[in-house]
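Breakdown of the fold
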Amino acid sequence: MEKTIEDPPTSAILLDHCHFSQVIFNSVEKFYIPGGDVTCHYTFTQHFIPRRKDWIGIFRVGWKTTREYYTFMWVTLPIDLNNKSAKQQEVQFKAYYLPKDDEYYQFCYVDQDGVVRGASIPFQFRPENEEDILVVTTQGEVEEIEQHNKELCKENQELKDSCVSLQKQNSDMQAELQKKQEELETLQSINKKLELKVKEQKDYWETELLQLKEQNQKMSSENEKMGIRVDQLQAQLSTQEKEMEKLVQGDQDKTEQLEQLKKENDHLFLSLTEQRKDQKKLEQTVEQMKHNETTAMKKQQELMDENFDLSKRLSENKMMYNALQREKERLEGENDLLKRENSRLLSYMGLDFDSLPYQVPASDEGGAGQNPGLVYGNPYSGIQESSSPSLGLNKWK
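Residues numbered from 1 in each chain as written. Predicted model: local features only at pLDDT ≥ 70, side-chain atom pairs only at ≥ 80, totals over all residues. Heavy atoms only, no water.

**A few points about the overall build of the chain**
A count of helices and strands for the chain gives seven helices and nine strands. Counting only residues that meet the buried cut, the chain has 35% of its 397 residues in that class. Of the contacts made within the chain by residues no fewer than 6 positions apart, 78% connect residues no fewer than 24 positions apart. Total accessible area on the chain stands at roughly 25000 Å², and carbon and sulfur atoms take up 52% of it. (Helix = DSSP H or I, 4+ residues; strand = E, 2+ residues; numbered from the N terminus. Buried < 20%, exposed > 50% of the residue type's maximum accessible area, 1.4 Å probe, protein only. Contact = heavy atoms within 4.5 Å. Areas by Shrake-Rupley, 256 points an atom, 1.4 Å probe, with all protein chains shown as cover.)

Below, the structure is given as structure tokens:
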């Protein structure tokens, strides 16, 4: 085998990946005389473009991969590839590097990727008159050659069958790859929908949070007004004992207002129940997102590197879920604060009813304007109604 400073590019590509018709070998002899140089003539087809690392090798018939070359020569690139005459090329193999046995060989054109682009008919290296001697003197050798040809034909058929099988495998792999690509696109579409849904839920909860903040501010303002009003009532109790009948009438008005407040509290309780249902739906959505994320992560191990973007988006969904969870905990804290504020407001209401049995307010305005801020009601009024009057009496005693 020829010893060179740089080995040619080869590969383990099998015959079904080769394209033997892109380079055509011309004027190939049936045999070449040992001891002489061999000139190989070849032609490029119309759609083939040679490259700098292409080479022509001599292979023993029956080779499996391009690594099994006996010797090789680098291809000289034509100066003008557009010129038709430039496509007629030749390369010369020196006698020193040629095979010395009488096996069958063939020329193969291999590109710089290690893929065979053309192959010649088989030939031998033997003396010129050896053919006549074989035919005349030895019938057994003729039979041996025929047997060898049969084996070559059989091997060729096996290679063809292998080629068909590999082509079928390639088609199956292409179909499987297409199926995986469709699954990836489906997952990406689902992920986008989930992202939109999470964004909508986040916007909804931000709006609800803003409304709750406004309600809390209003309740705080109303609590301050109620404190001022209680001070005014305390001053009126010490100076206006003669207006008891008007106060009784005012108590009746306040009773009606209390009933209205109870209704508003029931409405607020229903509203909070609906909010809890929405929150539960959001948690279920987040759980579904986590499940989808786990499924996507499993599938991502089987897909190509293109799935990285999907993994990144799923991680962002998880972060968004954690942010929503923290937002939910903060909302629950604010709800607890509203509960305490409502309890305190009910306590003040109890003082108005039980601590002024013998006094009458200065005007009707005092009885009607005590609770202007309880627009949204108190869902927890039923918890403290029974205890508020006793607390008020103890305070005034």
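Moving on, there is more to tell.
**So, the sheet that holds strand 6 (residues 88-93)**
Read across the open sheet, the three strands follow the order 1-3-6; overall the sheet is antiparallel. Both edges of this open sheet fall to strand 1 (23-26) and strand 6, since each of them pairs with a single strand only. Taking each pair of neighbouring strands and ignoring which way they run, the sheet shows an average axis angle of 30 degrees. Across four bridges, the pairing between strand 1 and strand 3 (residues 38-44) is antiparallel. Along strand 3, the bridge assignment pairs Phe-25 with Tyr-42. (Pairing = 2+ DSSP bridges. Axes fitted to C-alpha atoms, helices over the stretch in contact; angles between N-to-C directions.)

**As for the confidence of the model for the chain**
Residue-level pLDDT values for the chain average 79, and 79% of them are 70 or greater. Every residue in residues 130-137 is under pLDDT 50, and counting partners more than four places away or in other chains gives seven contacts. A low-confidence stretch, residues 358-376 (pLDDT under 50), is modelled with 52 contacts involving residues beyond four sequence positions or located in other chains. (pLDDT = per-residue confidence, 0-100.)

**Digging into the packing of aromatic side chains**
Here the distance between the centres and the angle between the planes together describe a pair of aromatic rings. For the structure shown, the criterion picks out 23 aromatic pairs. Centre to centre, the rings of Tyr-32 and Phe-107 are 6.4 Å apart; their planes meet at 70 degrees, and the pair counts as edge-to-face. Of this pair, Tyr-32 sits in strand 2 (residues 31-32) while Phe-107 sits in strand 7 (residues 105-110), placing them 75 residues apart in sequence. Just as Tyr-32 is buried, Phe-107 falls in that class too. Residues Phe-59 and Trp-63 carry aromatic rings whose centres are separated by 5.2 Å and whose planes lie at 45 degrees to one another, so their mutual orientation is tilted. (Phe/Tyr/Trp six-rings, centres within 6.5 Å; stacked < 30°, edge-to-face > 60°.)

**Let's talk about the sheet that holds strand 5 (residues 69-74)**
Backbone hydrogen bonds hold the strands of a sheet together, and the pairing may be parallel or antiparallel. Spatially, four strands are ordered 5-4-7-8 in an open sheet, and the strand pairing comes out antiparallel. Both outer strands of the open sheet, strand 5 and strand 8 (116-119), are each paired with one neighbouring strand and no more. Pairs of neighbouring strands in the sheet enclose a mean axial angle of 25 degrees, with direction left out of account. Relative to strand 5, strand 4 (residues 55-60) is paired through five bridges, and the arrangement is antiparallel. Residue pairing in the sheet places Ile-58 in a bridge with Thr-71 of strand 5.

**Thoughts on the environment of Met-320**
Looking at where Met-320 falls in the secondary structure, it is placed in helix 4 (residues 308-354). As a C-alpha pair, Met-320 and Val-198 span 122 residues in sequence and 8.0 Å in three-dimensional space.

**Points about the nonpolar core**
Ranked by size, the top nonpolar core spans 20 residues in total, and within it Phe-25, Cys-40, Tyr-42, Ile-56, Phe-93, Phe-107 and Tyr-109 carry the most contacts. Here this core gets four residues from one element, more than from any other, and that element is strand 3. (Core = buried A, V, L, I, M, F, W, Y, C linked by side-chain atoms within 4.5 Å.)

**Looking at the state of the cysteines**
Evaluation of the coordinates by the stated rule reveals zero disulfides. Distance from the sulfur of Cys-40, which forms no disulfide, to the nearest cysteine sulfur (Cys-108) is 9.9 Å. By relative accessible area, which is 0% here, Cys-108 ends up buried. (Disulfide = S-S within 2.5 Å.)

**Concerning the pattern of salt bridges**
Oppositely charged side chains can form a pair if their charged atoms are brought close together. Going through the model one piece at a time under the given rule, you end up with 15 salt bridges. A salt bridge links Asp-101 to Arg-60; the nearest nitrogen and oxygen atoms lie 3.1 Å apart. With Asp-101 in the loop between strand 6 and strand 7 and Arg-60 in strand 4, this residue pair connects regions lying 41 residues apart in the sequence. Exposure remark for Arg-60: the relative accessible area of 41% places this residue in the partly exposed category. Residue Glu-327 pairs with Arg-330 through a salt bridge whose shortest N-O separation is 2.6 Å. With a gap of three residues between them, Glu-327 and Arg-330 both fall in helix 4, about one helical turn apart. According to the relative accessible area criterion, Glu-327 is partly exposed, its value standing at 22%. Relative accessible area serves as the criterion here: at 35%, Arg-330 is assigned to the partly exposed category. Where salt bridges share partners, they join Arg-51, Asp-111, Asp-113 and Arg-117 into one cluster. (Salt bridge = Lys/Arg side-chain N within 4 Å of Asp/Glu carboxyl O.)

**Description of the environment of Pro-99**
One can find Pro-99 in the loop between strand 6 and strand 7. Measuring from C-alpha to C-alpha, the distance between Pro-99 and Phe-59 comes to 9.9 Å, with 40 residues separating the pair along the chain. Look past the residues within four positions of Pro-99 in its chain and what remains in contact with it is Tyr-70, Tyr-105 and Phe-125.

**Describing unusual backbone geometry**
Note: most residues except glycine have negative phi, and most peptide bonds are trans. In this structure, Ser-27 is a non-glycine residue whose phi angle is positive, near 55 degrees. In this structure, Ser-27 sits in the loop between strand 1 and strand 2. You can call Ser-27 exposed: its relative accessible area is 58%.

**Concerning the pairing of strand 3**
With five of seven residues buried, strand 3 lies mostly within the body of the structure. The pairing of strand 3 with strand 6 spans six bridges and is classified as antiparallel. The partner of Tyr-42 across the bridge, within strand 6, is Gln-89.

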